Amino acid sequence: MVITLENYRGIVDDAVITEIYRKARRLYNKRILNINSTFQGGGVAEMLTTLVPLMNDVGIDAGWRILHANEDFFGVTKKIHNALQGDKIRLTEHKKDLYFQTNENFSVYTHIQHDIVVIHDPQPLPLIKFYKKRQPWVWRCHVDLSNPNEEICDFLKPLILRYDVMIVSHENYKRKELPIEQKVFYPAIDPLSVKNRDFPEEEFDNFLKKFVPDLHKKPFILQVSRFDKWKDPEGVIEVWKLVKEEFDVRLILCGSMATDDPEGWHIFGRIERKYSKLIESGDLVLINIENNFLVNALQRRAAVVIQKSLREGFGLTVTEALWKGKPVVASNVGGIPLQIKDGYNGFLLDPTDIEGFASRIIELLRNPEMAEVMGKRGKELVREKFLITRLLSNYMDLFTELLGCG
Ligand code: UDP
């Protein structure tokens, strides 16, 4: 069944729903095109999966196209992504060529007759160069831009300047050196997706048993994240080793491999080799398949959820865990403090503070009542601020403004 706005009644206020229908009136039949570089894996694909059908449901002609690219291209764009988050980059002529050529090729057979184009993230950013501009173009950047590498900024700047608006996920990601209009849209989750909806407990358990031997033998703590250095999976293992000295818990690291993220396999392999004994014992469980129902089951069954990112654009995995009533022990970086108030619905720590992480996790494991209270607060915060209906509303306001039909 394709999701419609009506399905959100009972989850958000009726006033939220009617407001969206009202905003839609000005946008009937307007054609909006979203372009990103993967249809699954990562937060962008996740949001588009719901947003695009919902836009259509309320009367907007919204489309979604995926940039066609190969592994080499994604190798380069991953480096660009990392550099935007502060890494060094060596931009060779070959890399630049691949970046532009892939976009140019795609532009040749991708005809754009839409009223607005929304480009997501750096991979399809150059597309704008290869079209005669006939409509507003929006660059939606989901990356943590608080501390970017300057070389990459200089390189991308001429492209970004061509856009009408740039949207970032946090006030701190706005860039002064870019004299274009910049707005903040917080990301959001879909409470009705397979990843977030509630299902009978035994269905979750039966499924989890396929991945976690003797599921009920001991509780587990969890981090769901791509195997990416910014998500610091090895740091999570170090934290867990300290927790384990006090509490007999497992650690599950679940991280699917996005097609636009070639580094993942490398990191996964390294962890597998380095911690083979712990994996053999069944105490450390590594999962690398993409499955929304599995993520849902894991987040619901986890005793505590961790998000030990070194950088984090927003951190949808935090939102998802909060929605399931879990307290989250997380790094005080990027978009995470927008979602966690320290000591209220989870704990915030410096990402290097391994002992601090461990002691907060132990505290929650010792106090299940406290964990429950925090979890309830987290769920309400997400209901109020981070559900997909709010994001839909943000986009509709933007489209109305850009089309001058307000
Ligand atoms: N995700 C998933 N399976 C995994 C790992 C991640 O489905 O094994 C999803 C996760 O549930 C979330 C998204 O990918 O919806 C990750 O978004 P986030 O903002 O946390 O990080 P990003 O990957 O965009 O940096």
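Okay, so let's go over this structure. What you see is a predicted model; the values in this text were computed from it and never measured. (Residues numbered from 1 in each chain as written. Predicted model: local features only at pLDDT ≥ 70, side-chain atom pairs only at ≥ 80, totals over all residues. Heavy atoms only, no water.)

**So, the site of the ligand**
Neighbouring residues of the ligand: 18 residues in total, closest Lys195, Arg226, Lys231, Ser256 and Glu320. At 3.4 Å, a backbone N or O of Gly255 approaches an oxygen atom of the ligand. Listing elements by their share of the shell around the ligand, those giving two or more residues are helix H2 (43-57), helix H10 (292-301) and helix H11 (316-323). In terms of residue count, the dominant contributor to the shell around the ligand is H11 (3 residues). (Near = heavy atom within 4 Å. Polar contact = N/O pair within 3.5 Å; in protein donor to acceptor, adjacent residues only side chain to side chain. Helix = DSSP H or I, 4+ residues; strand = E, 2+ residues; numbered from the N terminus.)

**Focus: the sheet that holds strand S8 (residues 250-254)**
Pairing within the open sheet is parallel, and its 6 strands lie in the order S9-S8-S7-S10-S11-S12. Taken across any chain shown, the strands that pair with only one partner, and hence form the sheet edges, are strand S9 (284-287) and strand S12 (346-349). Each strand of the sheet is rotated relative to its neighbour by a mean of 20 degrees, with strand direction disregarded. Here strand S11 (residues 328-331) pairs with S12 via 4 bridges, running parallel. Bridge assignment links Ala330 to a residue of S12, and that residue is Leu348. Strand contacts of helix H7 (residues 233-246): strand S7 (220-224), S8, S9 and strand S10 (304-307), with the helix running at about 170 degrees to S8, the strand carrying the most contacts. (Pairing = 2+ DSSP bridges. Axes fitted to C-alpha atoms, helices over the stretch in contact; angles between N-to-C directions. Contact = heavy atoms within 4.5 Å.)

**Notes on the sheet that holds strand S4 (residues 137-140)**
With parallel pairing, the 6 strands of this open sheet are ordered in space as S2-S1-S3-S4-S5-S6. Edge positions in the sheet fall to strand S2 (61-66) and strand S6 (181-184), since each has one partner strand and no second. Strand-to-strand twist across the sheet, computed as the mean angle between neighbouring axes with direction ignored, equals 20 degrees. Relative to S2, strand S1 (residues 31-36) runs parallel, the two being bridged by 6 bridges. In the strand pairing of S2, Leu33 is matched with Gly63. Against the sheet, H2 contacts S1, S2 and strand S3 (116-120), and its axis sits at roughly 150 degrees relative to S2. Across the sheet, helix H15 (residues 388-403) is in contact with S1, S3, S4, strand S5 (165-168) and S6; its angle to S3 comes to roughly 135 degrees.

**Regarding the packing of H11 against helix H14 (residues 368-385)**
H14 packs onto H11 with a crossing angle of 120 degrees between their chain directions and a minimal axis gap of 7 Å. When the axes of H11 and H14 are compared, the pair comes out oblique. The two elements H11 and H14 cross, and the hand of that crossing is left-handed. Contacts from Thr319, Leu322 and Trp323 in H11 reach Gly375, Gly378, Lys379, Val382 and Arg383 in H14. Per-class residue counts for the contact of H11 with H14 are 3 nonpolar, 3 polar and 2 charged. (Parallel < 35°, antiparallel > 145°, perpendicular 65-115°, else oblique. Left-handed = near helix turned anticlockwise from the far one by under 90°. Nonpolar A, V, L, I, M, F, W, Y, C, P; charged D, E, K, R; others polar.)

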